[in-house]
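# Survey of secondary and tertiary structure
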Amino acid sequence: MRQRKAIVVGVGLLMASAGAAAAADYRPVPEPPTAETYAASGFYLRGDAGWSWLDWSAAENNANSPIAGGGVGYQWGPMFRTDVRFDYGFDYDLGHDDNASIGTVTANGYVDVPLGFPVTPYVGAGLGWGFVTGDAGDDKNGLAAALTGGVTFDVNQSIAVDVGYRFRTIATDGSLFSSDSVNDHSVTGGLRFKF
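In this report, the structure presented in the accompanying data block is examined. (Residues numbered from 1 in each chain as written. Predicted model: local features only at pLDDT ≥ 70, side-chain atom pairs only at ≥ 80, totals over all residues. Heavy atoms only, no water.)

Right, let's get into the overall build of the protein. When its secondary structure is counted, the protein shows 2 helices and 8 strands. Counting every position in the protein, which comprises 195 residues, the buried fraction comes to 35%. Contacts in the protein between residues far apart in sequence, at least 24 positions, make up 58% of those at least 6 positions apart. Summing over all exposed atoms, the protein offers an accessible surface of approximately 11,100 Å²; the carbon and sulfur share of this is 67%. (Helix = DSSP H or I, 4+ residues; strand = E, 2+ residues; numbered from the N terminus. Buried < 20%, exposed > 50% of the residue type's maximum accessible area, 1.4 Å probe, protein only. Contact = heavy atoms within 4.5 Å. Areas by Shrake-Rupley, 256 points an atom, 1.4 Å probe, with all protein chains shown as cover.)

Right, here's the structure in full:
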């Protein structure tokens, strides 16, 4: 009888110590981020398309062209995001049977102005490199800058529609923002995919 009691007590102590060890190893599962937290920060991909108007002394015509671009970025908080984007304008008619295509790669920063609505206005600026490829062999490249402004509309916590205006300048024959630099104005619409 004593032996049976000793076995029962021993098994009970063993189970209690195993339970205490398991409780010591227990770590609660972290809460998933809220929709607000997710929307305020995280990586995103972007794609844009629209129309561009060239403002360049070498263009005799009122040259315009479709423009498209894409990039990857990061939303640092509800009011600031950055991205690296590539934008390309196709076959601007410069006159004298000469067409040119213009591309830029820029690193950009944006200030979003949250208003508590699904629509958020923003302003931004970027710096990078640009290139002009002409049919007549007059290829050029140089420092590029961009100024932008627009609005975004959050479709859900993962997708936002972006409509904006962008001014680009490429210092191919002088300084940025001069009459000799390649300047264009564009209006684009696009999507940002957050992940």
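Back to the write-up after that little detour.
Counting 12 residues, the largest nonpolar core consists of Leu 54, Trp 56, Ala 59, Ala 63, Tyr 92, Leu 94, Ala 100, Ile 102, Val 132, Ala 144, Ile 170 and Val 182. Sequence-distant contacts of Val 182, that is, excluding residues within four places in its chain, are made with Leu 54, Trp 56, Ile 102, Val 132, Arg 168, Thr 169, Ile 170 and Thr 172. (Core = buried A, V, L, I, M, F, W, Y, C linked by side-chain atoms within 4.5 Å.)

In this fold, Ser 181 is placed in the loop between β7 (159-170) and β8 (182-194). Classification of Ser 181 as buried rests on a relative accessible area of 0%. In this structure the side chain of Ser 181 is engaged in a polar contact, spanning 3.2 Å, whose partner is the side chain of Thr 169. Here the side chain of Ser 181 touches Asn 183 through a polar contact of 3.2 Å, side chain to side chain. (Polar contact = N/O pair within 3.5 Å; in protein donor to acceptor, adjacent residues only side chain to side chain.)

Another aspect to go through is the pairing of strand β3 (residues 80-95). Pairing of strand β2 (residues 64-75) with β3 involves 9 bridges; the strand directions are antiparallel. Bridging from a neighbouring strand, Val 72 pairs with Val 84 of β3. Counted along the chain from β2 to the antiparallel partner β3, the turn is 4 residues long. Taken together, the 13 bridges between β3 and strand β4 (residues 98-112) define a ladder with antiparallel strand orientation. Paired with Phe 80 across the bridge in β4 is Val 111. Here β3 folds back onto β4 in antiparallel fashion, the turn holding 2 residues, of which His 96 has a positive phi close to 55°. (Pairing = 2+ DSSP bridges.)

Around the barrel, which closes on itself, the 8 strands sit in the order β1-β2-β3-β4-β5-β6-β7-β8 with antiparallel pairing between neighbours. Across the sheet, the mean angle from the axis of one strand to that of its neighbour is 25°, orientation sign disregarded. In the sheet, β4 pairs with strand β5 (residues 119-134) via 13 bridges, with the strands oriented antiparallel. Bridge pairing in β5 places Gly 109 opposite Ala 125. (Axes fitted to C-alpha atoms, helices over the stretch in contact; angles between N-to-C directions.)

Time to look at a nonpolar patch on the surface. A grouping of Phe 43, Leu 45, Val 72, Val 84, Phe 86, Val 105, Leu 191, Phe 193 and Phe 195 is seen on the molecular surface, where their side chains present a nonpolar patch of about 780 Å² in accessible area. Mapped onto the nonpolar patch, the elements with two or more residues apiece are β1 (42-55), β3 and β8. Turning to its location among the elements, Phe 43 is positioned in strand β1. Here Phe 43 falls in the partly exposed class, since its relative accessible area comes to 45%. (Patch = residues over 30% accessible without salt bridge, like charges linked within 9 Å, V, L, I, M, F, W, Y side chains within 5 Å. Salt bridge = Lys/Arg side-chain N within 4 Å of Asp/Glu carboxyl O.)

Enumeration according to the criterion identifies 8 aromatic pairs in this entry. Between the aromatic rings of Phe 86 and Phe 131, the centroid separation amounts to 6.5 Å while the plane-to-plane angle is 20°, which identifies the pairing as stacked. Here Phe 86 is found in strand β3, whereas its partner Phe 131 is found in strand β5, with 45 residues between them in sequence. For Phe 86, a relative accessible area of 37% puts it in the partly exposed group. Taken together, a centroid distance of 6.4 Å and an interplanar angle of 40° make the contact between Tyr 88 and Phe 131 tilted. Of this pair, Tyr 88 sits in strand β3 while Phe 131 sits in strand β5, and the two are 43 residues apart along the sequence. Assessed through its relative accessible area of 22%, Tyr 88 is described here as partly exposed. Given the relative accessible area of 27%, Phe 131 is considered partly exposed. Between the NZ or CZ atom of Arg 81 and the centre of the ring of Tyr 122, over which it lies, the distance is 4.8 Å. (Phe/Tyr/Trp six-rings, centres within 6.5 Å; stacked < 30°, edge-to-face > 60°. Lys NZ or Arg CZ within 6 Å of the ring centre and 35° of its normal.)

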